[in-house]
Amino acid sequence: MSGPFKVTILFLILLGIVLLSVIAGGFSSLYRAEGRVESAKVLLMDTCRERLALLPSLTTFQESKSIRSGSATWDQDIEITKQMITKLTNQKEPLGENQTKVFETLQNNIGLAIKDTLLKLDAEYSQEKNRKFELFKKDLSKNQDELFFGKQKYNYEVDYFNRRVKTFPLFIVAKLFNFDGIVYYRLSAHSFLPYNKMAEK
């Protein structure tokens, strides 16, 4: 076997190793990025579920002051949200554009109703010190801020994945393993506002 032929064989072997490394590394990178989006989604859904668990206490405060809910579709929105959270948590494929919009709209409706109710309750409790109500507001504040950070985390991971599948050489790997057909949609800037923004008059 001649020297130049050996060099060619060695070059081809090294090239094959590099290509395999790029493909394996690219697949691993995209797979992990997809997993982080899924983890961020589940975290956000869990936090939404925690907010729903706080609402019976809000209802109790409302009833004690004879305050009606700030939303005509309050009960309906809550029930649909419960069902949707369960469905989206268990859903393996990415949230579709319409799913994302419907979920966001439901959460915004609940958030606005909570804001309206809190403003009314604050007015009612302004002349008295109600420790239970103040503790409830702290729990709600913590949860709302966690929703805000959860949204930011989800959007970050969505943007990261969507960028990765379009960059060289990962877009080649994405085509090989069908990652290029996966599309994630961001949650809008006006959804899941932090508590200090939600509580503004």
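Above this note sits the structure.
Residues numbered from 1 in each chain as written. Predicted model: local features only at pLDDT ≥ 70, side-chain atom pairs only at ≥ 80, totals over all residues. Heavy atoms only, no water.

Caption draft 1: Spatial organisation of the overall build of the protein. When helices and strands are tallied, the protein shows 6 helices and 0 strands. When the helices and strands of the protein are listed from N to C terminus, the series reads α-α-α-α-α-α. Over its C-alpha trace the protein gives a radius of gyration of 25 Å, far above what one expects of a compact globule, namely 17 Å for 201 residues. In terms of its C-alpha atoms, the protein occupies a principal-axis envelope of roughly 95 × 30 × 25 Å. Taking all 201 residues of the protein together, the buried fraction comes to 37%. A separation of at least 24 residues holds for 84% of the contacts in the protein among residues at least 6 apart in sequence. Counting 29 positive and 23 negative side-chain charges, the protein places the centres of these two groups 6 Å from one another. (Helix = DSSP H or I, 4+ residues; strand = E, 2+ residues; numbered from the N terminus. Rg over C-alpha atoms; globule rule 2.2 N^0.38 Å. Buried < 20%, exposed > 50% of the residue type's maximum accessible area, 1.4 Å probe, protein only. Contact = heavy atoms within 4.5 Å. Lys, Arg positive; Asp, Glu negative; His and termini not counted. Charge placed at Lys NZ, Arg CZ, Asp CG, Glu CD.)

Caption draft 2: Highlighting the side chain of Arg51. Structurally, Arg51 is set in helix α1 (residues 3-64). Salt bridges are absent for the buried Arg51, whose nearest opposite-charge side chain, Asp77, sits at 9.8 Å. A polar contact is formed between the side chain of Arg51 and the side chain of Gln107, at a distance of 2.8 Å. If we skip the residues at most four places from it in the chain, Arg51 touches Gln107, Ile110, Gly111, Ile114, Asn143, Gln144, Leu147 and Phe192. (Salt bridge = Lys/Arg side-chain N within 4 Å of Asp/Glu carboxyl O. Polar contact = N/O pair within 3.5 Å; in protein donor to acceptor, adjacent residues only side chain to side chain.)

Caption draft 3: Here's a closer look at the environment of Lys132. Relative to the elements of secondary structure, Lys132 occurs in helix α4 (residues 131-164). Classification of Lys132 as exposed rests on a relative accessible area of 65%. When the C-alpha positions of Lys132 and Ala189 are compared, they lie 32 Å apart, and in sequence the two are 57 residues distant.

Caption draft 4: Quick peek at the packing of aromatic side chains. Within the structure shown, the criterion is met by 11 aromatic pairs. On the basis of an interplanar angle of 70 degrees and a centroid distance of 5.3 Å, the ring pair of Phe61 and Phe133 is categorised as edge-to-face. Placement of Phe61 in helix α1 and of Phe133 in helix α4 is noted, with a sequence separation of 72 residues between them. For Phe61, a relative accessible area of 11% puts it in the buried group. Aromatic rings pair up to connect Phe27, Tyr31, Phe177 and Phe179 into one cluster. The ring of Tyr125 has Lys65 lying over it, and the distance from NZ or CZ to the ring centre is 4.7 Å. (Phe/Tyr/Trp six-rings, centres within 6.5 Å; stacked < 30°, edge-to-face > 60°. Lys NZ or Arg CZ within 6 Å of the ring centre and 35° of its normal.)

Caption draft 5: View of the pattern of salt bridges. One pass over the full model with this rule turns up 10 salt bridges. Taking the shortest distance from any N to any O, the salt bridge between Lys137 and Asp122 comes out at 2.8 Å. Here the residue Lys137 occupies a position in helix α4, and Asp122 occupies one in helix α3 (residues 97-125), the gap between them amounting to 15 residues. Glu134 is paired through a salt bridge with Lys137; the nearest N and O atoms lie 3.9 Å apart. Remark: Lys137 and Glu134 occur in helix α4; sequence separation between them is 3 residues, near one turn of the helix. Through salt bridges that share partners, Arg36, Lys153 and Glu157 make up one connected network.

Caption draft 6: View of α4. The end-to-end C-alpha distance of α4 is 49 Å, a good match for the 50 Å that 34 residues give at a rise of 1.5 Å each. The N-cap of α4, judged by a side-chain oxygen 3.1 Å from the amide nitrogen of Lys132 a few residues on, is Asn130. (Expected span 1.5 Å × (residues − 1).)

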